[in-house]
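Observations on the three-dimensional arrangement
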Amino acid sequence: MLNQSAGAVAPLVNAIQSPIMTSREIAELTGKEHKNVTVDIRRMLDDLGEDALKFQRIYFDTMNRQRTEYHLDREHTECLITGYSAILRMKVIKRLHELEESQPVKIPQTFAEALRLAAQVEEEKERQQLQLTEAAPKVAFVDRYVTATSSMTFRQVAKLLDAKEPELRLFLIESRVMYRLNGVLTPYSQHIEAGRFEVRTGTTTESNYMFSQSRFTAKGVQWIGGLWMAHKAAGGAE
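Residues numbered from 1 in each chain as written. Predicted model: local features only at pLDDT ≥ 70, side-chain atom pairs only at ≥ 80, totals over all residues. Heavy atoms only, no water.

1. Observations concerning the environment of Asn36
Heads up, the rule is: Segments assigned H or I by DSSP are reported as helices when at least four residues long, segments assigned E as strands when at least two residues long, and all are numbered from the N terminus. Using a 1.4 Å probe on the protein chains alone, a residue whose accessible area is under 20% of its type maximum counts as buried, one over 50% counts as exposed, and one in between counts as partly exposed.
Relative to the helices and strands, Asn36 is located in helix α2 (residues 34-48). For Asn36, a relative accessible area of 36% corresponds to the partly exposed category. Considering only alpha carbons, one finds Asn36 and Ser23, 13 residues apart in sequence, at a separation of 9.7 Å.

Shown next as structure tokens:
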């Protein structure tokens, strides 16, 4: 029986426990190498000013060698996958829902515990509403992005993201996505190899001047859109 004060009726609510996802599971779901996922996690935790050691766990691989993985709660998992593609994000989100649904229900045993759980429910509702508010610009971006299926110039991407060109340019440079080469914004080779950019070269007819132009691929537009929206949500651009 639930203990309660006279005349009071305590709500029966489920305990809210954040599902835990491991870096290995995230790697499996997204098709990324585990070592790359752990690098993403360490970079994220460093940006958040959090101690990565709190999330580290030890496991043994198939050859009984000691390895390191990370255990993330829902909030940190969602933060991590913000920069991933929509397809990869959806795979992880579906898995998070599965984990939540598989958690056992805990019935409060005291009136005080019931009140605490009721407060947690309200906090969860507020958190979800906040996520919807923060997601609004991302939804707007997706609506615009669906029409962008070909490669785009820097100026076109800035317009698509509703970003000021100087701010977006600085963000790309500081994030080591692009750098200036002879005054021209140029992507780092790893992003070209990842298929996020294409570089077109040529020679002008009149002056025989060699030129190159870097363009975002459709994949690159989606990728940088996720990074930019996360940057804005963190207060990095006004």
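2. Quick notes on the sheet that holds strand β1 (residues 21-22)
Within a sheet, each strand pairs with its neighbour through backbone hydrogen bonds, oriented either parallel or antiparallel. Rule in force here: Strand pairing is assigned whenever DSSP identifies at least 2 bridges connecting the two strands.
Spatial strand order, β1-β3-β2: three strands in an open sheet with antiparallel pairing. Either end of the sheet is taken by a strand with one partner, and the two such strands are β1 and β2 (56-60). Where β1 lies against strand β3 (residues 66-72), two bridges are found, and the strand directions are antiparallel. Opposite Thr22, over in β3, you have His71 as the bridge partner.

3. Let's talk about the side chain of Thr153
Heads up, the rule is: What makes two residues a contact is simply this: any of their non-hydrogen atoms within 4.5 Å.
Counting through the fold element by element, Thr153 comes out in the loop between α5 (111-145) and α6 (154-160). Once residues within four sequence positions are removed from consideration, Thr153 is found in contact with Gln213, Arg215 and Phe216.

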